[in-house]
Amino acid sequence: MKRLRLLNGLKLLDGRLSLLLNAAGFTATRFTPSHAVARAKPSIMRAFLLRDFPMWYLLLAPLAGLLLTFSFAPFPLGWAALLPLTVLCWLWQQPARQRPLLYGWLFALGFFASGLYWVYISLYYYGNAPLPFAILANVLLVLFMSLYGLAVGWLLRRCSAPDGWRRVLLIPPAWVAAELLRAYVLTGFPWLAVGYSALHTPLDGIAPLGGVFVLSLLLMFIASLLARAWLTRSWRVAAAAVALYAVASASSLFSFVAPTGAPFSVALVQGNVEQSTKFAPGMMERHLQDYIATAIDREETVVVLPETAFAFMEEQLRTDLDQLDRYFKARGQTLVTGIPAGDLTNDIFFNAVVALGDGQGHYYKHHLLPFGEYIPLRDWLSIFEKYVDIPYSNFSRGDAVQTPLFTGKHRAGVSICFEAAFGRDVRHALPIADYLINVSNDAWFKDSIAADQHLQMNQMRCREMGREMARATNDGYTVLLDATGRVKARLPRFERGVLSGEVQPYAGLTPYARFGNAIVFSLLALCAVVLLLGRRRWR
């Protein structure tokens, strides 16, 4: 009788404890006599990391974002991008601690804080902004960029359950939709799109087929499947992820372009001009004469100088340019140089490239750098101009589609600095252009990883377009790239010199060069249709 009363008392106590624990958000296991005899011991590590300390979930998201940065240049870990992406997908899919908005925001915060930390450098060192303002501007940019991760998390919570196939299939298009928003909002800032991490991995054959955003979509699908396999312990789902990777790798077997004609010689001049003196009135003439002296001493067919190598306005240098034009024409050479152009009287300025000698034509930069070459939402953000003083920060935009430059017998598709981030713009020069020219000045960011990330984007443009590139920069990286984006030759950074080599012209159009981002938009639309049709079958 006493034993029966004791058991009834324990059951009553257990019931009351269960109600209290459930009210606090915990799941309690009801006590039965069998529990008093034998109780399964939970994994200590699992209990510590995942159940008893949910803060680990919140730490895992930014750490995974930080790790993803190491999948981009200059770090040779592109093959490892799937690891942090799979961790993010796992956080979004696991049902135990569902905070999708927070996971998305924290992941993006860790990613962009580590990948874009260098923005303050140009504002503080060369824009004469107070250090607190420069740091604040950098922090605000990172916070703004991380909102895209927050938006993906919101969409996932709104449209799918964490442990269902609907979320597995929704994560990739939702992520890429956010990347595309980044590429278009306020003219776009598509820096660090996930697809860049796949450059020179077995998957980069997708680039000429659909561009960097299709690569992002592919990586996110593989990562989402791997996360599902991890959660469900399903070898079939894991096999599907591996099969998708293998099939996508076979894309490298396709070829859409071919060499045409013989290679021609180029000289790429790296002036290594200190950014703080580049626009100093007492130094501009000296830099101009140094560049001219270096250029006229070259024998190559095409000589390329960096962005705004001639820092004076084009109309101020009319006599010098006419003399250079006659000199190079008599020698059968082409001089290509960056120069500010426009109309001083009416305060109209363009960041331009001009071809002289045996070549001809102008290119006016279309895609301007926000806050560097123009101020977006000027009425609201005019405070930026009060604290930052950047020369030529009010450029006008050139036309979206412009005629490629004539450089002797060959046509060149030109991009200036930041424009290399936009494949949708570079493709407009094809199929007329048989090679690409990029001029840039990454001295704004000193010895940070920004120059390496910028070079990686130029490499992706070569892979997407199937064209070689001659890239001349102020202080690096000055490189010759082949049609797959691999470096054929380069100059060391922060050294003055001339890179001499050859460029092989190409003919033909890749699918991406022909259709541009219409491909990825079509794939996203297809994903939306599939998800709508399967809304009853997939939760």
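Position numbers for residues start from 1 in each chain and track the written sequence from start to end. Thresholds applied to this predicted model are a pLDDT of at least 70 for local features of residues and 80 or more for the giving and counting of side-chain atom pairs; totals over whole chains, interfaces and linings are not thresholded and use all residues. Working from all heavy atoms in the structure, the side-chain values ignore hydrogens and water.

(A) The overall build of the protein, seen in detail. Helix and strand definitions here come from DSSP, where helices need a minimum of 4 consecutive H or I residues and strands a minimum of 2 consecutive E residues; each element is numbered from the N-terminal end. The helix and strand tally for the protein stands at 21 helices and 15 strands. In the protein, which comprises 539 residues, the proportion classed as buried is 53%. Contacts between residues were defined by any pair of non-hydrogen atoms, one from each residue, lying within 4.5 Å. Looking at the protein alone, contacts between residues at least 24 apart form 70% of all its contacts between residues at least 6 apart. Accessible surface area values rest on a Shrake-Rupley calculation with a 1.4 Å probe, where residue burial reflects the displayed protein chains alone. Within the structure as shown, the protein displays about 24,700 Å² of accessible surface, and the carbon and sulfur contribution to it stands at 63%. With a 1.4 Å probe rolled over the protein chains alone, any residue whose accessible area is under 20% of its type maximum counts as buried; one over 50% counts as exposed, and the rest are partly exposed.

(B) Geometry of the sheet that holds strand β3 (residues 302–304). Think of it this way: DSSP has to see at least two bridges between two strands before they count as a pair. Strand order in the open sheet made by the six strands is β7-β5-β4-β3-β2-β14, with mixed pairing throughout. In this open sheet, the two edge strands, each paired with only one partner strand, are β7 (362–364) and β14 (497–503). Ignoring strand direction, the axes of neighbouring strands in this sheet form an average angle of 30°. The pairing of β3 with strand β4 (residues 334–343) spans three bridges and is parallel. Across the sheet, Val304 pairs through a bridge with Val336, a residue of β4. To obtain an axis, a line is fitted to C-alpha atoms, over the contacting stretch when the element is a helix, and the angle between two such axes runs from 0 to 180 degrees between their N-to-C directions. Its contacts with the sheet place helix α15 (residues 318–330) against β4 and β5 (348–357), and it is angled at close to 30° to β5.

(C) Geometry of the confidence of the model for the protein. The pLDDT value tells you how sure the predictor is about a given residue, anywhere from 0 up to 100. Per-chain confidence: the protein averages 88 in pLDDT, with 88% of residues scoring 70 or above. Here residues 10–14 is modelled with pLDDT under 50, and outside its nearest four sequence neighbours on either side it reaches five contacts, counting other chains as well.

(D) Structural detail: the pattern of salt bridges. Take a side-chain nitrogen of Lys or Arg and a carboxyl oxygen of Asp or Glu: if they are within 4 Å of each other, that pair is a salt bridge. Summed over the entire model, instances satisfying the criterion amount to ten salt bridges. Salt-bridge contacts for Arg331 lead to Glu299; the nearest nitrogen and oxygen are separated by 3.4 Å. One end of the pair, Arg331, is in the loop between α15 and β4; the other, Glu299, is in the loop between α14 (281–296) and β3, with 32 residues separating them in the sequence. Using a relative accessible area of 33% as the deciding quantity, one classes Arg331 as partly exposed. Note that Asp442 is salt-bridged to Arg471, the shortest N-O span being 3.4 Å. Placement of the pair is Asp442 in the loop between β10 (435–440) and α19 (450–465) and Arg471 in strand β11 (residues 469–473), with a sequence separation of 29 residues. Across this residue pair, the class does not change: Asp442 and Arg471 are buried.

(E) Inspection of the packing of aromatic side chains at higher detail. Side-chain rings of Phe, Tyr and Trp, where Trp is taken by its six-membered ring, are said to pair if the distance between their centres is within 6.5 Å; with planes under 30 degrees apart they count as stacked, over 60 as edge-to-face, and otherwise as tilted. Enumeration over the complete set of coordinates arrives at 20 aromatic pairs. Ring centres of Phe189 and Trp191 lie 5.8 Å apart, and the angle between their planes is 15°; this geometry places the pair in the stacked category. The residues Phe189 and Trp191 share a single accessibility class, namely buried. Through a chain of ring-to-ring contacts, three or more aromatic side chains come together here, namely Phe72, Trp92, Phe107, Phe111, Phe112 and Trp175. We call a charge positioned over a ring when the NZ of a Lys or the CZ of an Arg lies within 6 Å of the ring centre and within 35 degrees of the ring normal. In this arrangement the basic side chain of Arg424 is found over the ring face of Tyr184, its NZ or CZ atom lying 3.9 Å from the centre. When the ring centre of Tyr477 is taken as reference, the NZ or CZ atom of Arg493 above it lies at 5.4 Å.

(F) Looking closely at a nonpolar patch on the surface. Only residues above 30% relative accessible area that lack a salt bridge enter a patch, with like-charged residues linked at up to 9 Å and the nonpolar side chains Val, Leu, Ile, Met, Phe, Trp and Tyr linked at up to 5 Å. There is a patch of nonpolar side chains on the surface, built from Met55, Trp56, Leu59, Leu63, Leu66, Leu67, Phe70, Leu77, Trp79 and Leu83 and spanning about 970 Å² of accessible area. Element by element, the count of residues in the nonpolar patch is highest for helix α4 (residues 55–69), at six residues. Residue Trp79 is classed as exposed on the basis of its relative accessible area of 64%.

(G) Focus on unusual backbone geometry. Looking along the chain, the bond that leaves Ala73 and enters Pro74 is cis, with omega of 10°. With respect to the helices, strands and loops of the structure, Pro74 is situated in the loop between α4 and α5 (82–93). Here Leu430 and Pro431 are connected by a cis peptide whose omega angle stands at 10°. Inspection of the secondary structure puts Pro431 in the loop between α18 (423–426) and β10. The phi angle at Leu186 is positive, at roughly 55°, despite the residue not being glycine.

(H) Broad picture of the sheet that holds β10. What the seven strands build is an open sheet, ordered β6-β8-β9-β10-β11-β12-β13; its pairing is mixed. Each edge of the sheet is formed by a strand with only one pairing partner; in this case those strands are β6 (359–360) and β13 (487–490). Pairing analysis gives three bridges linking β11 to strand β12 (residues 479–481), with the strands arranged antiparallel. Looking across to β12, one finds that Arg471 is bridged to Val479.

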